[in-house]
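Residue strings, one per chain:
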Amino acid sequence: MIRTSVILASENPLSHVVQHPLFTLQVGSWQLNFSNHMLMALVAGLLMIIFLPLAARQRTMVPQGARNLVETICEFLREKVARPQLGENTDRFIKYLWTIFYFILFCNLLGMIPTDGILYFLIGKNHLGGTATCNIYITGTLAVTAFIMVHVSGIRHQGLFNYIKHFVPTVPWPLIPILFVLELLGAFIKPFALAIRLFANMLAGHTVLAALIGMALVLHNYTIAGVTILGASALSLLELFVAFLQAYIFTFLTTIFISAAVHPEH
Amino acid sequence: MFDCNILAEGMLAIGDPGLAALGVGLGAGLVGMGAALGIGRIAGNAVESIARQPEAGGRIFSSMIITAALIEGFTFFALVISILALNKIG
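Owing to the predicted nature of the structure, the values given are computational and were not obtained by experimental measurement.

1. Some points on the overall build of chain A
- If you tally the helices and strands in chain A, you get nine helices and two strands.
- Counting from the amino terminus, chain A carries its helices and strands in the arrangement α-β-β-α-α-α-α-α-α-α-α.
- The dimensions of chain A, computed from C-alpha atoms along their principal axes, are 75 × 55 × 50 Å.
- Within chain A, contacts between residues at least 6 apart in sequence are counted, and of these 66% link residues at least 24 apart.

2. Brief notes about the confidence of the model for chain B
- Per-residue confidence for chain B gives a mean pLDDT of 87, with 96% of residues at or over 70.
- Model confidence for the complex: the whole-complex pTM is 0.87, and ipTM, which rates the interface, is 0.78.

3. Quick word on the interface of chain A and chain B
- Of the residues lining the interface, nine residues belong to chain A; the matching set on chain B comes to 10 residues.
- When contributions to the side of chain A that touches chain B are tallied by element, the ones reaching two or more residues are α8 (176-218) and α9 (222-262) of chain A.
- A per-element tally of the side of chain A that touches chain B places α8 of chain A first, with six residues.

4. Comments concerning the pairing of strand β2 (residues 30-35) of chain A
- Pairing geometry for strand β1 (residues 21-27) of chain A and β2 of chain A, over six bridges, is antiparallel. When the sheet's bridge partners are listed, T24 of chain A is paired in β2 of chain A with N33 of chain A.

5. Quick word on helix α2 (residues 36-55) of chain A
- The end-to-end C-alpha separation of α2 of chain A is 28 Å, in line with the 28 Å expected for 20 residues at 1.5 Å each.
- If you check which residues of α2 of chain A are buried, you get N36, H37, M40, A41 and A44 of chain A.

6. Points about the packing of helix α6 (residues 136-158) of chain A against α9 of chain A
Residue and element names in this part refer to chain A.
- Between α6 and α9, the shortest axis-to-axis distance is 8 Å and the interhelical angle comes to 20°. With respect to α9, the element α6 is oriented roughly parallel. In this structure, α6 meets α9 at a crossing whose hand is right-handed. Along the contact surface, α6 presents A146, M149, V150, H151, S153, G154 and H157, while α9 presents T254, F257, I258, A261 and V262.
- Residues of the contact of α6 with α9, tallied by class, amount to seven nonpolar, five polar and no charged.

7. Re the nonpolar core
- Residues A44, I104, C107 and F199 of chain A are the most contacted members of the largest nonpolar core, which totals 47 residues.
- Going through the elements one at a time, α2, α3 (66-86), α4 (90-112), α6, α8 and α9 of chain A together with α2 (57-89) of chain B are the ones with two or more residues in this core.
- Among the elements that line this core, the one with the most residues is α9 of chain A, at 11 residues.
- Not counting chain neighbours up to four residues away, the residues in contact with C107 of chain A comprise M40, A41, A44, T131, A132 and T133 of chain A.

8. Remarks on the packing of α8 of chain A against α2 of chain B
- Axis separation between α8 of chain A and α2 of chain B bottoms out at 8 Å; the angle between their running directions is 75°. By the criterion of interaxial angle, the relationship of α8 of chain A to α2 of chain B is roughly perpendicular. Across from A193, I196, R197, A200, N201 and A204 of chain A in α8 of chain A, the residues of α2 of chain B making contact are E72, G73, F74, F76, F77, L79 and V80 of chain B.
- Here the contact of α8 of chain A with α2 of chain B is composed, by residue class, of nine nonpolar, two polar and two charged.

9. Describing helix α1 (residues 6-52) of chain B
- Given a rise of 1.5 Å per residue, 47 residues ought to cover 69 Å, yet the end C-alpha atoms of α1 of chain B are separated by just 55 Å, more than 12% below that figure.
- The largest bend in α1 of chain B comes to about 105°, at G15 of chain B, with the proline P17 of chain B one to four residues further on.

10. As for the environment of G40 of chain B
- Its location among the elements puts G40 of chain B in helix α1.
- Residues G40 of chain B and A68 of chain B lie 28 residues apart in sequence; the distance between their C-alpha atoms is 9.2 Å.

11. Some thoughts on the environment of V17 of chain A
All names here are of chain A.
- With respect to the element layout, V17 can be found in the loop between α1 (4-7) and β1.
- Taking C-alpha positions, V17 is 9.7 Å from G205, a pair spaced 188 residues apart along the chain.
- Every residue in contact with V17, bar those within four places of it in the chain, is listed here: C134, L203, H206, T207 and A210.

Thresholds applied
Residues numbered from 1 in each chain as written. Chains lettered and ligands numbered in written order. Predicted model: local features only at pLDDT ≥ 70, side-chain atom pairs only at ≥ 80, totals over all residues. Helix = DSSP H or I, 4+ residues; strand = E, 2+ residues; numbered from the N terminus. Contact = placed C-beta atoms within 7 Å. pLDDT = per-residue confidence, 0-100. Pairing = 2+ DSSP bridges. Expected span 1.5 Å × (residues − 1). Buried ≥ 20, exposed ≤ 12 C-beta atoms within 10 Å, placed from the backbone. Axes fitted to C-alpha atoms, helices over the stretch in contact; angles between N-to-C directions. Parallel < 35°, antiparallel > 145°, perpendicular 65-115°, else oblique. Left-handed = near helix turned anticlockwise from the far one by under 90°. Nonpolar A, V, L, I, M, F, W, Y, C, P; charged D, E, K, R; others polar. Core = buried A, V, L, I, M, F, W, Y, C linked by C-beta atoms within 7 Å. Bend = angle between axes of the 7 residues up to and from the residue.

Below is the structure:
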């Protein structure tokens, strides 16, 4: 009977979800703990830098292959998502929107590839892969960039006083302080909700997968293991759909916030 | 100690961490129920409106998916709060 630790990359299925520290850099009095989530975020960035320009570089008139895919996604985001909201400001913001869409998409999809098992077979190292967006700090950083983009572009388009004046709609004067406080809170809660939505969707997907597989590991039964494999395959397909959907939702909501800040009369 | 009040005896037996875990479990379950009700209503209305006008099927389907993802967003808010509470107490 082959021991499980030879085949599986880890005996605890929840280890694919948590962050594993890889090495520690000591810079003066600061300590930088480099973890596998940071590594996967870097890998996603590198993949974007290498493959997206390569796909766009085909010289044929009719798009084929990878260029077709990249062009379809980019055109869908620009025409169907950004242009109805932003109108003539589409070209100013579309590069940022494309970037966050592809970054979130690549991070989510890299989390679905079983890099742990493959790397465990090739080199003995373990826990080098993972989902970068399973980390609240990485999704929080994306939300902070969305926050900066929304408010800085709003202030640059309308001027600071005009922008704050447009926070509240035209209502009778007793309601203005309450509405102003609510809008101010909303300006912080909306990016926070963006971060939490992406983080919790990815975390919940992987945790449910881990719980399902853990159930098969606990009950040593071949029938249950077979049914678990089918269930885990179906759940992984749902996970792939959720990866695309969450990237699209993040981009779509950021577009709506930017258009609300730049064109408040929508 | 209490020979007629099972509820009070149970609460004494599981203690404070037990009560906290009970609260977390009930909270998460109720949030899941609320989300399921909301998304079920959206799906029902979406399917009915696609049946009324099949040409608008694509747009209705996209709106349904987006609204379901938004509702799931604040469902996960509550789930994350439950997990945080469980880590702190239980």
